[in-house]
Amino acid sequence: MRILVLGSGAREHAIILALRSEDAPHELFAAPGNAGIARDATIVELDPLDPQAVAGFAIERLVDLVVIGPEAPLVAGVADALRGRGIPVFGPGKAAAQLEGSKAFAKRVMDAAGVPTGRALRARTTADVEAAFDALGAPHVVKADGLAAGKGVVVTSDRAAALAHAEAYLPTGPVLVEEFLDGPEVSLFFLSDGDHVLPLSPAQDYKRLRDGDAGPNTGGMGAYSPLPWLSERFGGEDEFVDLVTRTVAEPVVRQLDAEGTPFIGLLYAGLVLTDDGVKVIEFNARFGDPETQVVLPRLVDPLSQLLLAAASGNLEDHARPAFADAVAVTVVVASEGYPDKPVTGRVIEGMDAAASIPGVHLAHAATSVADSGLVATGGRVLSVVALGTTFDEARDRAYHAVDGITLEGSQHRTDIAAGVGA
Ligand code: AMP
Ligand code: GLY
């Protein structure tokens, strides 16, 4: 197949590596890509946010499938433009992508579909915010509506800080004050063709910058999959996945279909396992990063077939995707100053040696080739991914690789997948 992947992160590199690992040889294009992706796909000079440009390229080059990695092209209507011209595309249209972009939209859909989530109150004024804090209690969760790339959320027991956060966003529109959901978080991805869903294997993301879940929220500093501890609570991973498929993914996809905005693409359910049951904390309309880097290497079925089936409305004919027993761990290497003000332009060394460690591969995020060599061009620079038969083995391999990579001032967590089990 000829496949175009839009995006430039480690998630997109992971998607491309999964496509490359299939028996069938694909012709892979990427825009805008990065230095790692350039080794595994042909980089195309194309603005991924320009719907007509993407559709024009797909038609001209007879592309069989377009896979949209990040949210921004979805919001820009790239999937709508492609679908309108009959090109199979894995990614929802602008309207359904609001499930991620608008927290208020997501809450309304969940209410209509009867999906369990925390209580949320919309606040337009400081007085509304204060009233919502009183009604929902501490810790306080305040979310800006709309796109804030993870920065719009604050979770704190410090009422003054929560109020200040809300007041920073109020001039631009209402904020949501949410009930705090207490419990472990799980990311579970579903492929959706607008009608049917197929679950992937769950993963755990580490959102905070520093060890022990300290520091600011980030895009994600590491991840692992599968989650052996789910078995204690649910009897097994399959039981958990069945429950979430039935109570979350299917009702939401049915609801969006009934509203005339079918969701075709990747439904990312961010879940909290509360004492009161599994509840949705957020939806994303795309693969998660860094979770994708640990989920896709374990996928046994050819990814291209699944994505094409979703894009073409044919998931009903597919069995639930199978996953290898191997475990996967990823550690994100980030630039100094991430997430606030990442320092860019510094040289990265030791990559080849790191990638030669058994079971290890590197998914590039913000890298480019300069005269000085490979340089970091953004916050999250690399996902170091390791597979193993046990978590101890995968962790050892991942950290051995991380230790061999040098990037001045770089940051990484040292506790990814710690204590998960042997
Ligand atoms: P979001 O942008 O909605 O994904 O939120 C980012 C992170 O903030 C989540 O992954 C959680 O760790 C935390 N968070 C968001 N909403 C809540 C909530 N209602 N209760 C507890 N933690 C939350
Ligand atoms: N890892 C969180 C996200 O992709 O949104």
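Scroll up a little and you will see the structure.
The residue numbering used here restarts from 1 in each chain and proceeds along that chain's sequence as written. To read the labels, note that chains go from A and ligands from 1, taken in the order they are written. Local features in this predicted model are restricted to residues of pLDDT 70 or higher, and side-chain atom pairs are both shown and tallied only at a pLDDT of 80 or more, whereas totals for entire chains, interfaces and linings draw on every residue. Heavy atoms from the whole structure form the basis of all side-chain values; hydrogens and water molecules are not counted.

Visitor: When you look at the layout of surface pockets in this model, what are you seeing that I'm missing?
Guide: Vacant regions in the atomic arrangement are exposed by a probe of water-molecule size rolled over the atoms. Here the second largest pocket defines a volume of roughly 300 Å³. Around the second largest pocket sit 19 residues that line it, and Leu-17, Ala-18, Ser-21, Glu-22 and Leu-296 are the ones nearest its centre. Those elements that provide at least two residues to the lining of the second largest pocket are helix 1 (10-20) and helix 13 (303-311). Cavities and pockets are found on a 1 Å grid laid over the protein atoms alone: a cavity is a set of points where a 1.4 Å probe fits but cannot escape, a pocket is an open set with protein on both sides within 12 Å along at least five of seven lines, and a lining residue has an atom within 4 Å of such a point. Grid points are joined across faces, edges and corners, and a volume is the space filled by probe spheres set on the points. By the criteria applied, helices consist of DSSP H or I runs no shorter than four residues and strands consist of E runs no shorter than two, each listed in order from the N terminus.

Visitor: What am I meant to see in unusual backbone geometry here?
Guide: Across residues other than glycine, the phi torsion is negative in most instances, and most of the peptide bonds are trans. In the segment running from Ala-31 into Pro-32, the intervening peptide bond is cis, with an omega of -5 degrees. Turning to its location among the elements, Pro-32 is positioned in strand 2 (residues 27-32). The phi dihedral of Leu-62 falls on the positive side, at around 55 degrees, and the residue is not glycine. Relative to the helices and strands, Leu-62 is located in the loop between helix 3 (51-60) and strand 4 (65-68). Under the scheme applied here, a residue whose accessible area is under 20% of the maximum for its type counts as buried, over 50% as exposed, and between as partly exposed, the area being computed with a 1.4 Å probe on protein chains only. In this structure Leu-62 comes out as exposed when scored by relative accessible area, which is 63%. Notably, Ala-417 is not glycine yet its phi reads approximately 65 degrees, a positive angle. Tracing the backbone through its elements, the reader meets Ala-417 in the segment after helix 15 (391-403).

Visitor: Honestly, the site of ligand 1 in this entry has me stumped. Any pointers?
Guide: Around ligand 1, the surrounding shell holds 14 residues, and the nearest of these are Lys-143, Leu-181, Glu-185, Lys-207 and Glu-282. Within the side chain of Glu-178, a nitrogen or oxygen atom sits 3.0 Å from a nitrogen atom of ligand 1. Any N or O atom pair separated by 3.5 Å or less is treated as a polar contact, with the protein-specific requirement of one donor-capable and one acceptor-capable atom, and with residues adjacent in sequence counted only for side-chain atom pairs. Glu-185 is positioned such that a nitrogen or oxygen atom in its side chain is 2.4 Å from an oxygen atom of ligand 1. For the area figures, the Shrake-Rupley method with a 1.4 Å probe applies, and any residue is considered shielded solely by the protein chains shown. Considering ligand 1 on its own, with 470 Å² of exposed area, one finds that the protein chains cover 91% of that surface. Counting residues per element, the ones that place at least two in the shell around ligand 1 are strand 7 (140-144), strand 8 (153-156) and strand 17 (277-284). A single heavy atom is enough: if one lies within 4 Å of a molecule or strand, its residue is considered near that molecule or strand.

Visitor: Just checking my understanding: could you explain the environment of Pro-25 for this structure?
Guide: Note on placement: Pro-25 falls in the loop between helix 1 and strand 2. Overall, Pro-25 belongs to the exposed group, its relative accessible area being 73%. A C-alpha to C-alpha distance of 43 Å links Pro-25 and Thr-117, two positions 92 residues apart in sequence.

Visitor: So what exactly am I meant to see when it comes to the site of ligand 2 here?
Guide: With respect to spatial proximity, the complete set of residues near ligand 2 consists of Asp-205, Lys-207, Gly-219, Tyr-268, Asn-284, Arg-286, Gly-288, Asp-289, Pro-290 and Glu-291. Between Asp-205 and ligand 2, the recorded distance is 2.8 Å, taken from a side-chain N or O atom to a nitrogen atom. In the model, an oxygen atom of ligand 2 is placed 3.4 Å from a nitrogen or oxygen of the Asn-284 side chain. Only Asp, Glu, Lys and Arg are considered charged, only Ala, Val, Leu, Ile, Met, Phe, Trp, Tyr, Cys and Pro nonpolar, and every remaining residue, Gly among them, polar. Considered class by class, the residues forming the shell around ligand 2 number two nonpolar, three polar and five charged.

Visitor: How do you make sense of the side chain of Asn-284 when you look at a structure like this?
Guide: Here Asn-284 shows up in strand 17. A relative accessible area of 5% means that Asn-284 is categorised as buried. Among the polar contacts listed, one links the side chain of Asn-284 to the side chain of Arg-286, at a separation of 3.5 Å. Those residues within four positions of Asn-284 in sequence are excluded, and the remaining contacts are Glu-100, Leu-266, Leu-267 and Tyr-268. The contact criterion used is simple: two residues touch if any of their non-hydrogen atoms lie within 4.5 Å.

Visitor: Sorry, what's going on with a negative patch on the surface here?
Guide: Residues form patches when they are more than 30% accessible in relative terms and have no salt bridge. Like charges link within 9 Å. Nonpolar side chains (Val, Leu, Ile, Met, Phe, Trp, Tyr) link within 5 Å. We define a salt bridge as a side-chain nitrogen of Lys or Arg found within 4 Å of a carboxyl oxygen belonging to Asp or Glu. Positive charges come from Lys and Arg alone, negative charges from Asp and Glu alone, with His and the N- and C-terminal ends not counted. Each charge is placed at NZ for Lys, CZ for Arg, CG for Asp and CD for Glu. A cluster of acidic side chains, namely Asp-195, Asp-257, Glu-316 and Asp-317, defines a negative patch on the protein surface. Position of Glu-316 relative to the elements: it lies in the loop between helix 13 and strand 18 (327-334). On the basis of relative accessibility, which here comes to 58%, the residue Glu-316 falls in the exposed class.

Visitor: When you look at the side chain of Ser-335 in this model, what are you seeing that I'm missing?
Guide: Examined against the element boundaries, Ser-335 turns out to sit in the loop between strand 18 and helix 14 (351-355). Apart from the residues lying within four places of it in its own chain, the contact partners of Ser-335 are Pro-342, Val-343, Ala-376, Gly-378, Gly-379, Val-381, Leu-407, Gly-409 and Gln-411.

Visitor: Explanation requested: the sheet that holds strand 1 (residues 2-7) in the structure shown.
Guide: Either a parallel or an antiparallel arrangement is found when strands of a sheet pair, and the pairing is made through backbone hydrogen bonds. The criterion for strand pairing is that DSSP finds at least two bridges linking the strands in question. In space, the five strands of this open sheet follow the order 3-2-1-4-5, with parallel pairing throughout. For this open sheet the edge positions go to strand 3 (42-43) and strand 5 (89-90), each flanked by a neighbour on one side alone. Across four bridges, strand 1 lies against strand 4 in parallel orientation. Of the residues in strand 4, the one forming a bridge with Val-5 is Val-67. The strands touched by helix 1 are strand 1, strand 2 and strand 4; relative to strand 1, the strand with the most contacts, the crossing angle is about 165 degrees. Helix axes use the C-alpha atoms of the stretch in contact, all axes being lines fitted to C-alpha atoms, and the angles between their N-to-C directions lie in the range 0 to 180 degrees.

Remember that the coordinates give geometry; whether it matters functionally is a separate question.
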